[in-house]
Amino acid sequence: MQVVNLIDLKKFKVMDEPPPSSPGAGEVLLKVQRVGICGSDIHYYLEGGIGEQVIDFPYTVGHEFSGAVEETGAGVTNVKQGDLVAVEPAVSCGQCDQCREGRPHTCRKLKFIGAPSQLSGAMKEYIVLPAENCFPVPNGMSPEAACLVEPLSIGCYAVELARKQKGKTAAILGAGPIGLSVLEALKELSPDTIYATDKLDYRLSLASDAGAGWTGNPDKCDIVKEVRALEPLGLDSVFECCGDQEALDQAIDLLKPGGELLIVGIPSEDRISFDISKIRRKEITIKNVRRQNHCVEPAIDLIHNNPEIENRMYTHGFQLEDTGEAFEIVSGYRDRVMKAMIHIS
């Protein structure tokens, strides 16, 4: 089968590898359909790692994907041959204290598809994985929409972690794929106002189309001054979705006393900081969002009930041999890209 491997920084190669063996008990063989390019993939592409997670070349990246069920192993009942499925890329053990407490996303033995020293990525024609990580999507849903379920599940989980937003005010700092996923989930709760910021104006336009009541570019205006002019008491919650220290500082200034900061983005630096006087005096609650937890099915429902989400988020499709071009466009924020996908089959 064909596999796209990252063989050095900013360099991909299509290679041939033996196909996986038949699935074992509780496993599924998938024919991969679409693979989305995520910000973490870009870190591997440009830097060769994220913190302690450093890749050894050659390496297969990719964890946002959809696939068609080719074969099921013994005991599999949740999917059948021919089903199109969305995939949860975090494989948990089901036995540790975290899994028993309903937190498989922080499993002590968690293995993640496309993460160094864990599980090989999805940029390949076929992959075998646990059936419990496969979620059948409704008839008629496209492979692209099924692929978008993974980032949308993160948005759903971030919103779930926040206080109930109906009748509240919130900001999303960073309107990329994850920020837009948070926005799509958040607006389902009908908050009073959603503020969105990004340094790319075309993304602000998409956020406005998706339901943001106010948008601003921090390179062109004083975000804190303008939002606080509209919300002098401050905001109830802020979702930081770009991993930027400047945005974290803005978040603290935007929040009202007792407000909540949800850190969804992944900073490039190993350490971030806060003005302790501000967060103590305001009694700010800070929550880190570790991917998603039990939100795949809500994300499937979200995009199934709102098909326009696919039109807003999926902007670029590439063939397997054009993976390098795709990563160049995404890493350079070129051509108004939001979510680019590799068409495997």
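As shown above, the structure is provided for reference.
Let me sum up the structure you'll find in this document. One numbering rule holds for all chains: residues counted from 1, following each sequence as written. Reporting in this predicted model follows two pLDDT cut-offs: at least 70 for local features of residues, and 80 or more for side-chain atom pairs to be given and counted; totals over whole chains, interfaces and linings ignore these cut-offs and use all residues. As a rule here, side-chain values come from all non-hydrogen atoms in the structure, and water together with hydrogens is ignored.

**Re the pairing of strand β13 (residues 193-197)**
Note on classification: 1.4 Å probe, protein chains only; a residue is buried when its accessible area is under 20% of the maximum for its type, exposed when over 50%, partly exposed between these limits. In this description a helix means any DSSP run of H or I spanning at least four residues, a strand means any run of E spanning at least two, and both kinds are numbered starting from the N terminus. With respect to burial, β13 is a largely interior element, five of its five residues being buried. Where burial is concerned, the two faces of β13 agree: the one with Thr-193, Tyr-195 and Thr-197 and the one with Ile-194 and Ala-196 are both buried. Of the strand pairs in this sheet, strand β12 (residues 169-173) and β13 are connected by five bridges, and their pairing is parallel. Pairing of Ile-172 across the sheet is with Ala-196, part of β13. With the strands pointing away from the viewer, any crossover whose connection runs clockwise from the first strand over the helix to the second is right-handed. Handedness of the β12-helix α4 (residues 177-186)-β13 crossover: right-handed. Inspection of the sheet shows β13 paired to strand β14 (residues 214-216) by three bridges, in the parallel sense. Looking across to β14, one finds that Tyr-195 is bridged to Trp-214. For the segment spanning β13, helix α5 (residues 201-210) and β14, crossover handedness is right-handed. Here, a strand pair is defined by DSSP locating no fewer than two bridges between the strands.

**With respect to the layout of surface pockets**
If you add up the space inside the second largest pocket, you get close to 350 Å³. Taken together, 16 residues line the second largest pocket, and the ones lying closest to its centre are Glu-88, Pro-104, Glu-132, Phe-135 and His-294. Only β8 (90-91) and α9 (296-305) provide two or more residues apiece to the lining of the second largest pocket. Charged means Asp, Glu, Lys or Arg here, nonpolar means Ala, Val, Leu, Ile, Met, Phe, Trp, Tyr, Cys or Pro, and polar covers whatever is left, Gly included. Split into classes, the residues belonging to the lining of the second largest pocket amount to six nonpolar, six polar and four charged. Note on definitions: the grid is 1 Å and covers protein atoms alone; a cavity is a set of points where a 1.4 Å probe fits but cannot get out; a pocket is an open set with protein on both sides within 12 Å along at least five of seven lines; lining residues have an atom within 4 Å of a point. Grid points are joined across faces, edges and corners, and a volume is the space filled by probe spheres set on the points.

**A closer look at the pairing of strand β18 (residues 314-319)**
As paired elements, β18 and strand β19 (residues 339-343) share five bridges and run parallel to each other. What sits directly across from His-316, in β19, is Ala-340. Assessed by its sense of winding, the connection that carries the chain from β18 through helix α11 (residues 323-331) to β19 is right-handed.

**Describing helix α3 (residues 143-161)**
To estimate how far a helix should extend, the number of its residues minus one is multiplied by 1.5 Å. Taking 1.5 Å per residue, 19 residues should reach 27 Å; α3 reaches 28 Å between its end C-alpha atoms and fits that length. Along α3, the sharpest kink reaches roughly 40°, centred on Glu-150 and followed within four residues by the proline Pro-151. When you tally the buried positions in α3, you get 17 out of 19 residues, the bulk of the element. The angle between axes fitted to the seven-residue stretch ending at a residue and the seven-residue stretch beginning at it gives the bend at that residue.

**Considering the packing of aromatic side chains**
The geometry of two aromatic rings is summed up by the distance between their centres and the angle between their planes. Note on aromatic pairs: the rings of Phe, Tyr and Trp (six-membered ring only in Trp) are paired at centre separations within 6.5 Å, and the planes decide the class, stacked below 30 degrees, edge-to-face beyond 60, tilted for the rest. Within the structure shown, the criterion is met by four aromatic pairs. Relative to Tyr-45, the ring of Phe-12 has its centre 5.7 Å away and its plane inclined at 10°; by these criteria the two rings are stacked. With a gap of 33 residues between them, Phe-12 in strand β2 (residues 11-16) and Tyr-45 in helix α1 (residues 39-47) connect regions that are remote in the sequence. Like Tyr-45, Phe-12 is buried. Ring geometry for Tyr-195 versus Trp-214: centroids 5.8 Å apart, planes at 55°, classification tilted. With Tyr-195 in strand β13 and Trp-214 in strand β14, the pair connects residues that are 19 residues apart, well separated along the chain. With respect to class, Tyr-195 is no different from Trp-214; both count as buried. Feature note: the residues Phe-12, Tyr-45 and Phe-327 constitute an aromatic cluster, connected by ring pairs.

This is a description of form; function is not addressed.
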